[in-house]
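# Close look at the chain arrangement
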Amino acid sequence: PPPPPSLYFSKQTVRNACGTVALLHAAANNPAVLLASSSSSPSSPTPSPLASFVSATAEQSPAQRGAAMAVLGGGGLAGLAGEFGVKGQSGVVGAEEEVD
């Protein structure tokens, strides 16, 4: 069955990005995190990039949200996940490599 409308859910369309997608789901379904401002000015808060993305894709299907994540930031989610992956303690797995 499809997820309830109140739940933000996106299909994972980028390989090896399950952790990133899980964090997106956790933050997008937590109003306190989602509404956090990236602006230092309380009088004119600027929505965080995450809040802007969730707002822009709120009315889309999970498949459409997944497609939007794949092109996020020009390099796509694969590029972002790879960028953060090289900062971690484990080896980087290529987007096309098979994983266990």
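Above: the structure in question.
What comes next concerns the included structure.

## Considering the packing of aromatic side chains
Under the counting rule described, the total for this entry stands at 0 aromatic pairs. Positioned above the aromatic ring of Y8, the side-chain terminus of R65 is 4.1 Å from the ring centre.

## Remarks on helix α4 (residues 62-70)
Each α-helix turn comprises 3.6 residues. Residues three or four places apart therefore point the same way. Within α4, burial applies to R65, G66, A68 and M69. In a view along the axis of α4, the buried residues occupy a sector of 160°, so they form one face of it.

## Examining the nonpolar core
Generally speaking, nonpolar side chains in soluble globular proteins are found buried as a group. If you look at the biggest cluster of nonpolar residues, it comprises 10 residues: Y8, V21, L24, A28, L34, A51, F53, V54, A68 and M69. Residue assignment for this core shows that the elements contributing at least two residues are α1 (18-28), α3 (49-57) and α4.

## Thoughts on the side chain of H25
Tracing the sequence through the fold places H25 in helix α1. Apart from residues lying up to four places away in sequence, H25 is in contact with Y8, F9 and S10.

## Overview of the side chain of T57
Inspection of the secondary structure puts T57 in helix α3. A distance of 2.6 Å separates a polar atom in the side chain of T57 from a polar atom in the side chain of Y8.

## A short note on the packing of α1 against α3
Look at α1 against α3: their axes get within 11 Å of each other, and the N-to-C directions meet at 85°. When the interaxial angle is binned, α1 and α3 end up roughly perpendicular. In this structure, α1 uses L24, A27 and A28 to contact α3, whose residues at the interface are L50, F53 and V54.

## Thoughts on the environment of L24
Looking at where L24 falls in the secondary structure, it is placed in helix α1. Taking C-alpha positions, L24 is 9.0 Å from V54, a pair spaced 30 residues apart along the chain. The contact partners of L24, leaving out residues within four places of it in the chain, are Y8, S10, L50, F53, V54 and M69.

What counts, and at which threshold
Sequence order sets the numbering: in each chain, residues are counted from 1 along the sequence as written. Only residues with pLDDT of at least 70 are given local features in this predicted model, and only at 80 or more are side-chain atom pairs given and counted; all residues enter the totals for whole chains, interfaces and linings. The basis for every side-chain value is the complete set of non-hydrogen atoms in the structure, without hydrogens or water. Each pair of aromatic rings taken from Phe, Tyr and Trp, with Trp reduced to its six-membered ring, is defined by centres within 6.5 Å and is described as stacked if the planes are under 30 degrees apart, edge-to-face if over 60, and tilted in the remaining cases. Cation placement over rings: the criterion is NZ of Lys or CZ of Arg within 6 Å of the ring centroid and within 35° of the ring normal. Each residue is placed in one exposure class: buried if its accessible area under a 1.4 Å probe, protein chains only, is under 20% of its type's maximum, exposed if it is over 50%, and partly exposed if it falls in between. Counting from the N terminus, the helices are DSSP H or I runs at least four residues long and the strands are E runs at least two residues long. Arc definition: it is the arc formed by the directions from the helix axis to the C-beta atoms. Only buried Ala, Val, Leu, Ile, Met, Phe, Trp, Tyr and Cys residues count toward a nonpolar core, and they belong to the same one when joined by side-chain atoms within 4.5 Å. Contact criterion: two residues are considered in contact whenever any of their non-hydrogen atoms come within 4.5 Å of each other. Definition of a polar contact: a pair of N or O atoms within 3.5 Å, with one able to donate and the other able to accept a hydrogen when the atoms are protein atoms, and with sequence-neighbouring residues admitted only if both atoms are side-chain atoms. Axis lines are fitted to C-alpha atoms, over the contacting stretch for helices. Their N-to-C directions set the angle, which ranges from 0 to 180 degrees. Should an angle fall under 35 degrees it is taken as roughly parallel, and over 145 as roughly antiparallel, whereas 65 to 115 is taken as roughly perpendicular and any remaining angle as oblique.

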